[in-house]
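# Notes for the structure review
Below, each chain spelled out in residue letters.
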Amino acid sequence: MKTIIANWKMQLTLKESLELARQSVKKIKAGKNKVVLCPDFSALPFVGPVLNKTGLELGAQDSAAASRGAYTGEVSPMNIKALGAKYVILGHSERREHLHESSAIVNDKIKSALDNGLVPVLCVGEKSAVKKSGETEEYLDQEIRHSLKGVKIKKASDLIIAYEPIWAISTNKNAKPMSASEAEKIHKFIKAKAAKILKKPVAVLYGGSVNSVNAGEYLNQDNIDGLLVGGASLKIKDFSHICSL
Ligand code: PGA
């Protein structure tokens, strides 16, 4: 069983989120893979009850570094958990880029999410300039070490890493997916790094232009434990197919 996470980003109205959640419950067969839907914050209280007891899980796209306090505009992992979410995506490249989230901030968010019983999905990945310079492994090594500094988990399933090469994310200019064989090699590298830091073999998902045609190639790789899907998760036909593989 692999883990497939839908990242709906900020692409949907409340009504569309609710409709997509209902369609997902109807069309996705729970049990083949673990499936997690991550709507935006405002939709969590509406999507949560739709997924309840269906086998599909709820996740958020971010959470605060503190559980409560004077942090105007932030959303507490404690309340995300109370809404029924089990997972939270942290350190997505769009947040690192547009909201200047550093690995130090992501590190605090991971600890706070864990304290509140959420499973952090830590996103890492290099820009095209890093890839071109041949320094992908050095870059990932730093990003992983800083993001996971001092993080302690009790079991392997307490934390997930999502490897998303930034140049492969479908909404970025000239995006193209990384080949499954290249991704497999990097996953092996990330798994070894993470296991050293966390002392547990955590799952590593691939993300970046995954679609209904190429998803199977990634899922066939031993070191790719699942997928983080953006654009294709908004199309129920494509996403339900990906979840059935
Ligand atoms: P994409 O997005 O599948 O549209 O490339 C993935 C992501 O950004 O999480």
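One structure accompanies this document, and this report is about it. The structure displayed is predicted, hence computed values, not measured ones. (Residues numbered from 1 in each chain as written. Predicted model: local features only at pLDDT ≥ 70, side-chain atom pairs only at ≥ 80, totals over all residues. Heavy atoms only, no water.)

For the rest of this paragraph, the subject is the overall build of the protein. Helix and strand counts for the protein stand at ten helices and eight strands. What you see for the protein is a C-alpha radius of gyration of 17 Å, in line with the 18 Å of a compact globule of 245 residues. Viewed in the frame of its principal axes, the protein has a C-alpha envelope of about 45 × 45 × 35 Å. Just so you have it, the protein exposes about 11800 Å², and 53% of that area is on carbon and sulfur atoms. On the protein, the mean spot of the 36 positive side-chain charges and the mean spot of the 25 negative ones are 5 Å from each other. (Helix = DSSP H or I, 4+ residues; strand = E, 2+ residues; numbered from the N terminus. Rg over C-alpha atoms; globule rule 2.2 N^0.38 Å. Areas by Shrake-Rupley, 256 points an atom, 1.4 Å probe, with all protein chains shown as cover. Lys, Arg positive; Asp, Glu negative; His and termini not counted. Charge placed at Lys NZ, Arg CZ, Asp CG, Glu CD.)

Let's shift gears to the nonpolar core. I161, I190 and Y206 are the most contacted members of the largest nonpolar core, which has 59 residues in total. Looking at which element gives the most residues to this core, the answer is helix 8 (residues 180–198), with seven residues. Leave out the neighbours within four places in its chain, and Y206 touches Y163, P165, A168, P177, M178, A183, H187, Y218, I224, G226, L227 and L228. By size, the runner-up hydrophobic cluster in this structure holds twelve residues, among which are V36, I89, V121 and A162. (Core = buried A, V, L, I, M, F, W, Y, C linked by side-chain atoms within 4.5 Å. Buried < 20%, exposed > 50% of the residue type's maximum accessible area, 1.4 Å probe, protein only. Contact = heavy atoms within 4.5 Å.)

Turning next to the pattern of salt bridges. For the structure shown, the criterion picks out 13 salt bridges. A salt bridge links K127 to E97; the shortest N-O distance between them is 3.4 Å. Here K127 is found in the loop between strand 5 (119–124) and helix 6 (128–132), whereas its partner E97 is found in helix 4 (residues 93–98), with 30 residues between them in sequence. Exposure remark for E97: the relative accessible area of 44% places this residue in the partly exposed category. In this structure, K155 engages D158 in a salt bridge whose closest nitrogen and oxygen atoms are separated by 2.9 Å. Residue class for K155 comes out partly exposed when judged on its relative accessible area of 47%. For D158, a relative accessible area of 15% translates into the label buried. (Salt bridge = Lys/Arg side-chain N within 4 Å of Asp/Glu carboxyl O.)

All right, on to helix 8 then. Here helix 8 is 19 residues long and its end C-alpha atoms lie 26 Å apart, about the 27 Å a rise of 1.5 Å per residue gives. Taken as a whole, helix 8 has its buried residues at A180, A183, E184, I186, H187, F189, I190, A194 and L198. Residues of helix 8 that are buried in the fold lie against strand 5, helix 7 (136–147), strand 6 (160–163), strand 7 (203–207) and helix 9 (215–219). Of the residues flanking the end of helix 8, it is K199, one or two places downstream, whose phi is positive at about 60°. (Expected span 1.5 Å × (residues − 1).)

With that out of the way, let us pick up the packing of aromatic side chains. For the structure shown, the criterion picks out two aromatic pairs. The interplanar angle of 20° and the centroid separation of 4.3 Å between the aromatic rings of Y206 and Y218 together place this pair among those described as stacked. Of the two residues, Y206 sits in strand 7 while Y218 sits in helix 9, which places them twelve residues apart along the sequence. Summarising the burial analysis for this pair, Y206 and Y218 share the class buried. Among the aromatic residues, those joined into a ring-pair cluster are Y163, Y206 and Y218. (Phe/Tyr/Trp six-rings, centres within 6.5 Å; stacked < 30°, edge-to-face > 60°.)

If you walk around this closed barrel you meet the eight strands as 1-2-3-4-5-6-7-8, and the pairing is parallel. Averaged over neighbouring strand pairs, the angle between their axes works out to 25° when direction is ignored. Pairing between strand 1 (residues 3–7) and strand 8 (residues 226–229): four bridges, direction parallel. Across the sheet, residue A6 finds its bridge partner in strand 8, namely V229. Packed on one face of the sheet, helix 2 (residues 44–51) meets strand 2 (34–38) and strand 3 (57–60) and runs near 165° to strand 3. (Pairing = 2+ DSSP bridges. Axes fitted to C-alpha atoms, helices over the stretch in contact; angles between N-to-C directions.)

All right, on to the environment of N52 then. On the secondary structure map, N52 appears in the loop between helix 2 and strand 3. Sequence-wise, N52 and K237 are 185 residues apart; in three dimensions their C-alpha atoms are separated by 22 Å.

Moving on to the pairing of strand 4 (residues 87–90). Of the two faces of strand 4, the one carrying Y87 and I89 and the one carrying V88 and L90 are both buried. Pairing of strand 3 with strand 4 involves two bridges; the strand directions are parallel. Of the residues in strand 4, the one forming a bridge with A60 is V88. Following the chain from strand 3 across helix 3 (residues 77–82) to the adjacent parallel strand 4, one finds a crossover that is right-handed. (Right-handed = clockwise from strand over helix to strand, strands pointing away.)

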